[in-house]
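Below are the chains, spelled out letter by letter.
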Amino acid sequence: MLRPELVARLNLARHPLVNRRPLQRVAAALWVAAALVLLVDVAVLFRHFTSSTAGNEQLVGLERDIAQEVESLRSLERALNGFALVEQNRQVEFLNARIAQRTFPWSQLFEQLGEVLPDGVRLQSLRPAVAEDDEPARPRSTRTRTSVPEARPPRWVQLQIAGEAETGAAILDLVDALFEHAAFSEPNLRNEAQQRGLYRFNLTVRYLPDLELEESGSSGETVATAMQLDGAAATGGAP
Amino acid sequence: MVALRDDALVYARVERRSDGKLQVLRYLETALATDFGDGPLGGPPRDPEAFVASVRELFERAGGRIEETTLVLSDRFMRMVFAEFTELPTADAARQEALRFKLRQLVPFRAEELRLRAVEVAPLPGQEEPRRMAVAFAFEALLGPIESAFERAGVRIGMVTTESLALASALRVEGLGLLVVADERSYTLLVSRDGEPLLSRHKELAAPPFRQAGSAVTRELRLTGTFLEERLPERRLDGVFVAAPEAASWSELVADALGTGCVVVDASALGEELGDLPPGFRVDRDGALLGAALLEVA
């Protein structure tokens, strides 16, 4: 007949009753909600710590790996430094130069000697000595060094030629031909001697082979420190 | 819940059971060794100490730890009037002042001596001002000493209401309802509309009305009917209830005056199902205590 909530507002009490039940229910609901939220928070926190621990462990592992890599890099750098690359490069360069020196164009030399060798002259020995720039050619025994030199490509070759001729004029013809040939210079007849009707001679001449390692690398022949032509003597016009 | 009657204090402890029924767990009555004056609104107890003793005795008998209770006053001590307003201040003090100003024009009591509460209800068709307030009031000189006596007994009164308001809160009727609450000295007519109070009249009884042909009660009932017909012509009473010592005679009287049947308040008239009632508990007389229980949780 009358709504109780409306009648309750006509309450004449000095200190009106406060219906705490709704408040208590709300409070209880809030407590329950708070407890649930707390549980969720704890779960989230636990999960967070768990995952962060795993993450930290992973991070530590990665940092350890990085440290190992850095240490490995350093050791490699140390090893690389230990290789003395600069010095080794110089050695390699020198060796390459030596290899280039050893690569001597014998065929070309023989062809060119054939061009200058007159009739009646035959060669008994041919000894090239590689020289550098303006340095005079040194005998092969002086090539041994204790330290690595600054290697440079050879410019000319000192040839020591020993042979015999049927006449003295043939020797002079050889010297003249050497003078005239572009590949030879400074021929120097060291000595000549007559024996059993033949003229034996020794001369030196500079040979400009115009060595090109690229060209001669494949076709070049290893330099023989001296070539004895006794067994296979070259004769003029037909080496 | 405690009901203050002319000659007794009645205590009832009511709880709602798990099956939803209201259960009266304790029902006690203690005779009053004092009264509250002969004035129309009562007054302070003539013998305050005797009243305190009665209150203490009541709660001692009730047992348990009771800190707060609802006091159901006789309609003689607490009344309700309706006032129209154009504007009503929202501030509490100004609002109280406006209500007191209005009460001075409506009731023959000193408004400043009254404790009052008001609630806005739906306006009546044709009323002069747009807003309508139901104003409940009682003498501070009555309520203050009663509250003090209860506090001395260790119990705080958290709600003060009347028999008619409390009982009407427990009755089940939609629309327009009329409740007649009577005792040997007075009666109250309370009309409700859609859950709101619409009209409240309290009258003293010189003699049992049904022994007087054409009594003032009949006139009052007919005036009430006429009022409703004029103000709410499209509405009819959906329920009429009587809660009185001689309920059958009151029912006849009401039916004759209003031309409608009426129901004596009993358990079936209540909006709540009741559990087993303790000895001595009568719904027509003590139903207000059940209604007061509903107010506590409203």
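Source: prediction; values computed, not measured.

Visitor: When you look at the overall build of chain B in this model, what are you seeing that I'm missing?
Guide: Along the backbone of chain B there are seven helices and 13 strands. Out of the 298 residues belonging to chain B, those deemed buried represent 42%. Contacts in chain B between residues far apart in sequence, at least 24 positions, make up 62% of those at least 6 positions apart.

Visitor: Quick question: what am I supposed to make of the sheet that holds strand β3 (residues 22–31) of chain B here?
Guide: Within a beta sheet, neighbouring strands are joined by backbone hydrogen bonds and run either parallel or antiparallel to one another. All names here are of chain B. The mixed open sheet is built from five strands, whose spatial order is β3-β2-β1-β4-β8. Strands with a single pairing partner mark the edges of an open sheet, and in this sheet they are β3 and β8 (156–162). The mean inter-strand angle of the sheet, taken between neighbouring strand axes irrespective of direction, is 25 degrees. In this structure, strand β4 (residues 68–73) lies alongside β8, joined through six bridges in parallel fashion. When the sheet's bridge partners are listed, T69 is paired in β8 with I157.

Visitor: Just checking my understanding: could you explain the confidence of the model for chain B for this structure?
Guide: Scored by pLDDT, chain B has a mean of 89; 97% of the residues are at 70 or more. Interface confidence for the predicted complex, given as ipTM, is 0.90, next to a pTM of 0.61.

Visitor: Could you clarify how one ought to interpret the sheet that holds strand β12 (residues 239–243) of chain B in this entry?
Guide: All names here are of chain B. Within the open sheet, the five strands sit side by side as β11-β10-β9-β12-β13. Their pairing is mixed. The open sheet has two edge strands, β11 (196–204) and β13 (263–264), and neither has a second partner. Here seven bridges tie strand β9 (residues 176–182) to strand β10 (residues 186–193), and the two strands are oriented antiparallel to one another. Its bridge partner lying in β10, L179 is registered against L190. Packed on one face of the sheet, helix α4 (residues 163–170) meets β9, β10 and β12 and runs near 135 degrees to β9. On top of the sheet, helix α5 (residues 216–231) reaches β10 and β11; it is set at about 160 degrees to β11, its chief contact.

What counts as what
Residues numbered from 1 in each chain as written. Chains lettered and ligands numbered in written order. Predicted model: local features only at pLDDT ≥ 70, side-chain atom pairs only at ≥ 80, totals over all residues. Helix = DSSP H or I, 4+ residues; strand = E, 2+ residues; numbered from the N terminus. Buried ≥ 20, exposed ≤ 12 C-beta atoms within 10 Å, placed from the backbone. Contact = placed C-beta atoms within 7 Å. Pairing = 2+ DSSP bridges. Axes fitted to C-alpha atoms, helices over the stretch in contact; angles between N-to-C directions. pLDDT = per-residue confidence, 0-100.

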